[in-house]
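Notes for the structure review
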Amino acid sequence: MDLELILSLVRSRAEELGALSDAVWAHPETAFRESFACAALGGHMAARGFSVETGVGGLDTAFRASWGEGSPAVGFLAEYDALPGLSQEAGADERREREPGGPGHGCGHHLLGAGAAGAAVALKEYLQRTGGTGTVVLFGCPAEESGAGKEILGRAGVFDGLDLCFAWHPDTVNCAVGTASLANIILRAGFRGVASHAAAAPERGRSALDACELMNVGANYLREHIPDAVRLHYAYTNSGGASPNVVPEAAELLYYVRAPKIAQARDVAERLHRVAQGAALMTDTALTWTVESEMLDYLPCHTLNRVLDGVLRRLDPPFRPSEPYADSGPCRSISTDVGNVSWLVPTGQLFTACFTPGTHFHTWQMTAQGCSREAKEGMLAAAAAMACAGAAAVEDQDLICRAREEWSAARAGSL
Ligand SMILES: [Zn+2]
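Residues numbered from 1 in each chain as written. Predicted model: local features only at pLDDT ≥ 70, side-chain atom pairs only at ≥ 80, totals over all residues. Heavy atoms only, no water.

**Brief notes about the coordination of the zinc ion**
Each donor-metal-donor angle would ideally measure 109.5 degrees in four-coordinate tetrahedral geometry, or 90 or 180 degrees in six-coordinate octahedral geometry. Each protein donor to the zinc ion is listed here as Cys 107 (SG), His 109 (NE2) and His 169 (NE2); together their distances run 2.1 to 2.3 Å. Sequence positions of the residues that donate to the zinc ion give the spacing C-x1-H-x59-H. Here the residue Cys 107 occupies a position in the loop between β3 (73-79) and α4 (109-130), and His 169 occupies one in strand β5 (residues 164-171), the gap between them amounting to 62 residues. In this structure Cys 107 comes out as buried when scored by relative accessible area, which is 7%. (Donors = N, O, S within 2.8 Å, 3.2 Å for Na, K, Ca; no water. Helix = DSSP H or I, 4+ residues; strand = E, 2+ residues; numbered from the N terminus. Buried < 20%, exposed > 50% of the residue type's maximum accessible area, 1.4 Å probe, protein only.)

So this is what it looks like as structure tokens:
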């Protein structure tokens, strides 16, 4: 694999990738509403010789851009959703919203999408220059922050036919991601009771708010009897109204159940369901239980990650990893729907330094740094590393075989 050629191909597109990233940053759109970003990235790929299909998997803001034919088929994952409430001026070191209360790119997904596009275009051009064959696919994946877009795309078969896949995320460090992320099941518990006057006729009322409160009490007792690493969080999405003198007819909770393995999360989710049924029984209310989404734990593919790590180590500072590649260690305390893809196809993943050390994810400080020169350099480093790893796989069938063998064993061992 000719590293210098790929670096020069990525460099030659530095300006347009920076502009693409900036444009998405300036049009922040939250989950499933990313029509600007979807059109911008899809248009970018179409103009560079990819055939682009939008609306894949039944999601309006998803797309599949492919070039080439036959195997191997190498995929890259693009995300582009923003977060509510994180609007912020670029470069400002104090809180200054661009649009009061508006969304903002507080997780760097504008860089993520443009960087993945850069990797796919560079790999295509590399194959054209070197006479290599294969299929290069960029997946436009909506709703990473909420809604687990890749779960929906995966169920619809959008990732079928891939031999391997690459993902990256902007970060404050440089590394291939050798450790798992947490599985996360999102559950909605809606209770329906009977409204009545809270003083004049309380005996006629059945409180949906009481049911929520009793469910939370039950869940908080449940914590003692579940594995240490499981995390339960909840929020009231409907607290039953603002009038203390009305017995609340309807109330609703949103729950996250996170665990290192999806099987553990499913087990705790089932027990939580019984807690909710108990709360409904105690309050004589009706329960509506909905599993909104399941983000699976990320199965790292060390074979692919070692290739990404090797490429990063050949890049100039500051993108050389400072730590050795870690193929074990505690689960990262985050959840991502990249995990769902990693169960469907061997998936390598890397982080590159785009933000100042110490910057926290999902903050206005991260939004503020999203258009910096450093952020764009990190994006280009990620694009180059992913394109190089894709090229290495195209040129070495054995690498793909080893990746798939490792992945099959990891999947079997994780169920
Ligand atoms: Zn993110």
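**Considerations on helix α1 (residues 3-12)**
Buried within α1 we find Leu 3, Leu 5, Ile 6, Leu 9 and Val 10. Taken end-on, α1 shows its buried residues confined to a sector of 165 degrees, consistent with a single buried face. Facing away from the buried surface of α1 by more than 90 degrees, the exposed residues are Glu 4 and Ser 12. Of the residues that open α1, the one with a side-chain oxygen 3.2 Å from the backbone nitrogen of Glu 4 is Asp 2. (Arc of directions from axis to C-beta. Polar contact = N/O pair within 3.5 Å; in protein donor to acceptor, adjacent residues only side chain to side chain.)

**Notes on the layout of surface pockets**
A volume near 610 Å³ is recorded for the largest pocket. Around the largest pocket sit 30 residues that line it, and Glu 144, Glu 145, Ile 334, Ser 335 and His 362 are the ones nearest its centre. Those elements giving two or more residues to the lining of the largest pocket turn out to be β5, β7 (183-192), β9 (250-259) and β11 (347-353). No other element matches β5, which puts three residues into the lining of the largest pocket. For the lining of the largest pocket, the residue count by class is 13 nonpolar, 11 polar and six charged. (1 Å grid on protein atoms, 1.4 Å probe; cavity = no way out; pocket = protein on both sides within 12 Å on 5 of 7 lines; lining within 4 Å. Points joined across faces, edges and corners; volume = space filled by probe spheres on them. Nonpolar A, V, L, I, M, F, W, Y, C, P; charged D, E, K, R; others polar.)

**Examining the sheet that holds strand β4 (residues 135-141)**
On the basis of which strands lie adjacent, the open sheet formed by seven strands has the order β1-β2-β4-β3-β5-β11-β6 and mixed pairing. On the outer flanks of this sheet lie β1 (51-54) and β6 (175-176), each paired with one strand and no other. Where β6 and β11 come together, two bridges link them in antiparallel fashion. For Ala 176, the partnering residue across the bridge sits in β11 and is Leu 350. Taken strand by strand, α4 contacts β2 (63-68), β3, β4 and β5, and its axis lies near 155 degrees from that of β3. (Pairing = 2+ DSSP bridges. Contact = heavy atoms within 4.5 Å. Axes fitted to C-alpha atoms, helices over the stretch in contact; angles between N-to-C directions.)

**Considering the pattern of salt bridges**
In this structure the tally under the stated criterion is 22 salt bridges. The salt bridge involving Glu 97 is made with Arg 95; its shortest N-O contact spans 3.9 Å. The shortest N-O distance in the salt bridge between Asp 398 and Arg 402 comes to 3.2 Å. Taken as a pair, Asp 398 and Arg 402 lie in helix α12 (residues 397-414) at a separation of four residues, close to a single helical turn. Asp 398 sits in the partly exposed class, given a relative accessible area of 44%. (Salt bridge = Lys/Arg side-chain N within 4 Å of Asp/Glu carboxyl O.)

**Section: the sheet that holds β9**
Within the open sheet, the four strands sit side by side as β8-β9-β7-β10. Their pairing is antiparallel. Looking at which strands have only one partner, the edges of the open sheet turn out to be β8 (231-238) and β10 (286-295). For this sheet, the mean inter-axis angle between neighbouring strands, taken without regard to orientation, is 20 degrees. Relative to β10, β7 runs antiparallel, the two being bridged by nine bridges. Bridging from a neighbouring strand, Ile 185 pairs with Glu 294 of β10. Packing against the sheet, helix α6 (residues 208-222) makes contact with β7, β8, β9 and β10, and its axis sits at approximately 20 degrees to β9.

**Let's talk about the nonpolar core**
Side chains of nonpolar character tend, in soluble globular proteins, to be buried together. One finds Phe 76, Leu 138, Phe 166 and Trp 168 to be the most contacted residues of the largest nonpolar core, which totals 70 residues. When neighbours within four sequence positions are excluded, Leu 138 is seen to be in contact with Met 45, Phe 63, Arg 64, Ala 65, Phe 76, Ala 78, Ala 116, Ala 117 and Ala 120. Ranked by size, the runner-up nonpolar core spans 31 residues in total, among them Leu 187, Phe 191, Ile 226 and Ala 265. (Core = buried A, V, L, I, M, F, W, Y, C linked by side-chain atoms within 4.5 Å.)

**What to know about a negative patch on the surface**
On the surface, a cluster of negative charge is made up of Asp 2, Glu 4, Asp 316 and Glu 395. Mapping Glu 395 onto the fold places it in helix α11 (residues 373-395). (Patch = residues over 30% accessible without salt bridge, like charges linked within 9 Å, V, L, I, M, F, W, Y side chains within 5 Å. Areas by Shrake-Rupley, 256 points an atom, 1.4 Å probe, with all protein chains shown as cover. Lys, Arg positive; Asp, Glu negative; His and termini not counted. Charge placed at Lys NZ, Arg CZ, Asp CG, Glu CD.)

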